[in-house]
Amino acid sequence: MSGTPSVTPVTVLGLGAMGSALSTAFLDGGHPVTVWNRTPAKAGPLTARGAVAAADPREAVRAADLVVLCVLDYAAAYDTLGAVGDALNGRALVHLTNGTPAQAREFAQWATQRGAHYVDGGIMSTPPMIGDSGSLVLYSGDRTGFDAHRSTLERLGAARWLGSDPGAAALHDIALLSGMYGLFAGHLHAAALIASEGGSVTEFTTELLIPFLERMMVPMKYSSREIDSGEFADQEASIAMQATAFVNIIESTAAQGVDPALLIPMRDLYHRAAAEGRDPSELLAKKAGR
Ligand SMILES: NC(=O)c1ccc[n+]([C@@H]2O[C@H](COP(=O)([O-])OP(=O)(O)OC[C@H]3O[C@@H](n4cnc5c(N)ncnc54)[C@H](OP(=O)(O)O)[C@@H]3O)[C@@H](O)[C@H]2O)c1
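All of these numbers come straight from a predicted model, not from anything done at the bench.

Let's talk about a nonpolar patch on the surface
- Together, Y181, L183, F184, M217 and M220 make up an exposed nonpolar region whose accessible area comes to about 510 Å².
- Put simply, the parts of the chain that give the nonpolar patch at least two residues each are α7 (168-195) and α9 (217-229).
- If you tally residues by element for the nonpolar patch, the top one is α7, at three residues.
- Taking the relative accessible area as the measure of exposure, L183 reaches 43% and is therefore partly exposed.

In structure tokens, the structure reads:
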């Protein structure tokens, strides 16, 4: 593979909400774009903007050195590329379908056996965000493939390289989503408490919850360092105190007629930690190699 000019041709396989947004961002950047989708009609809006619709995945793959694949799941990914024969040989395959680290590693092996420079990715943006300054895509796998096409991939958003393990992007993707859903769970629970008394959830969230959570990012950084070092300092807020606070949280929640299901596992974790005299993160986070 040679260095990439700024208008390097790109092939996009899969034109769902995300694949269409990826194709649009490449077209916006002036790249010649070839597209393919199982349901051909979805190529219409993109061909109207100058993209070329390939008749089948093999023809699409052969149209560009950079092939971006973004379909529903790994079964769809194998379905899409299963019949392309030797067409992947020497090309960069950037796979942005969401999956597990194990799926990514297995697919990397499959693609590498066919001569592809395999780069796995995790899209941390919604389709309307693609190409915006706030958009982020995680990548890992074949460094040669990534370096050759980095500037083109940056059309989609900031490109964060996570190393040569093809499973690393998927692991970080899932870790980020876990953090996000944990935050959403906390918000849903808090909102239900405020709503149970007829309060304004918007006012509560804007004026109290978001500023409070922003301040709580500081202890999150301390706790991350402790997990990394394996040394857990005496807590300013002891685990026993926090375990007791959880009793109040669950009791109040039930009394308000709100389902406490989202926080019960957290209460149980704190109670186990208090009983064992350990930090809750010691019970959950086991560092590899320790
Ligand atoms: N949308 C988001 O907000 C978002 C955000 C981050 C990551 N992602 C990830 O991006 C990927 C695509 O998501 P999406 O939102 O584009 O989904 P989508 O709108 O449901 O589109 C799914 C795509 O997969 C194709 N497909 C499904 N089964 C197939 C098969 N057996 N063979 C070939 N193609 C098949 C569909 O083709 P047809 O058109 O023929 O059905 C379509 O192109 C997913 O892995 C998703 O997790 C999405």
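After that view, the rundown keeps rolling.
Considerations on the side chain of T205
- Counting through the fold element by element, T205 comes out in helix α8 (residues 201-215).
- Within the structure, the side chain of T205 is placed 3.2 Å from the side chain of H187, a separation counted as a polar contact.
- A polar side-chain atom of T205 sits 2.7 Å from the main-chain carbonyl oxygen of V201.
- The contact partners of T205, leaving out residues within four places of it in the chain, are H187, I210 and P211.

Observations regarding the site of the ligand
- Neighbouring residues of the ligand: 22 residues in total, closest M18, N37, T39, K42 and N98.
- Within the backbone of A17, one N or O atom sits 2.9 Å away from an oxygen atom of the ligand.
- Here M18 contributes a backbone N or O atom positioned 2.8 Å from an oxygen atom of the ligand.
- The pocket occupied by the ligand, as judged from atoms lying within 2 Å of grid points, is the second largest pocket.
- Among the secondary structure elements, those contributing two or more residues to the shell around the ligand are α1 (17-28) and α4 (74-81).
- Looking at the shell around the ligand residue by residue, the classes come out as nine nonpolar, 10 polar and three charged.

Concerning the packing of aromatic side chains
- As enumerated under the stated definition, the model contains nine aromatic pairs in all.
- Measuring from centroid to centroid gives 5.2 Å for Y139 and F146, while their planes differ by 45°, and the two rings are tilted.
- For Y139, a relative accessible area of 0% gives the class buried.
- Overall, the relative accessible area of 0% leaves F146 in the buried class.

Focus: the sheet that holds strand β7 (residues 136-141)
- Pairing is mixed across the open sheet formed by eight strands, whose spatial order is β3-β2-β1-β4-β5-β6-β7-β8. Strands at the two margins of the open sheet, each flanked by one partner only, are β3 (52-53) and β8 (158-161).
- Where strand β1 (residues 10-13) and strand β2 (residues 33-36) come together, four bridges link them in parallel fashion. Bridged to T11 within β2 is T34.

Quick notes on the domain arrangement of the protein
- The assigned domain composition of the protein is domain 1 (10-164) and domain 2 (172-284).
- Computed over C-alpha atoms only, the centres of domain 1 and domain 2 are separated by 38 Å.
- The interface is formed by nine residues belonging to domain 1 together with five residues belonging to domain 2.
- Both faces combined, the contact of domain 1 with domain 2 buries some 490 Å², and carbon together with sulfur accounts for 73% of it.
- Considering only the side of domain 1, the residues that lose the most area to domain 2 are N98, M124 and L162, jointly responsible for 60% of the buried surface there.
- Summed over the shared surface of domain 1 and domain 2, the result is zero salt bridges.
- Viewed at the interface, domain 2 and domain 1 are joined by one residue pair in polar contact (both at pLDDT 80 or more).
- Considering only residue class, the side of domain 1 that touches domain 2 consists of five nonpolar, four polar and no charged.

Rules behind the numbers
- Residues numbered from 1 in each chain as written.
- Predicted model: local features only at pLDDT ≥ 70, side-chain atom pairs only at ≥ 80, totals over all residues.
- Heavy atoms only, no water.
- Patch = residues over 30% accessible without salt bridge, like charges linked within 9 Å, V, L, I, M, F, W, Y side chains within 5 Å.
- Areas by Shrake-Rupley, 256 points an atom, 1.4 Å probe, with all protein chains shown as cover.
- Salt bridge = Lys/Arg side-chain N within 4 Å of Asp/Glu carboxyl O.
- Helix = DSSP H or I, 4+ residues; strand = E, 2+ residues; numbered from the N terminus.
- Buried < 20%, exposed > 50% of the residue type's maximum accessible area, 1.4 Å probe, protein only.
- Polar contact = N/O pair within 3.5 Å; in protein donor to acceptor, adjacent residues only side chain to side chain.
- Contact = heavy atoms within 4.5 Å.
- Near = heavy atom within 4 Å.
- 1 Å grid on protein atoms, 1.4 Å probe; cavity = no way out; pocket = protein on both sides within 12 Å on 5 of 7 lines; lining within 4 Å.
- Sits in = over half its atoms within 2 Å of the grid points.
- Nonpolar A, V, L, I, M, F, W, Y, C, P; charged D, E, K, R; others polar.
- Phe/Tyr/Trp six-rings, centres within 6.5 Å; stacked < 30°, edge-to-face > 60°.
- Pairing = 2+ DSSP bridges.
- Domains from an automatic or database assignment.
- Buried area = accessible area lost by both parts, 1.4 Å probe.

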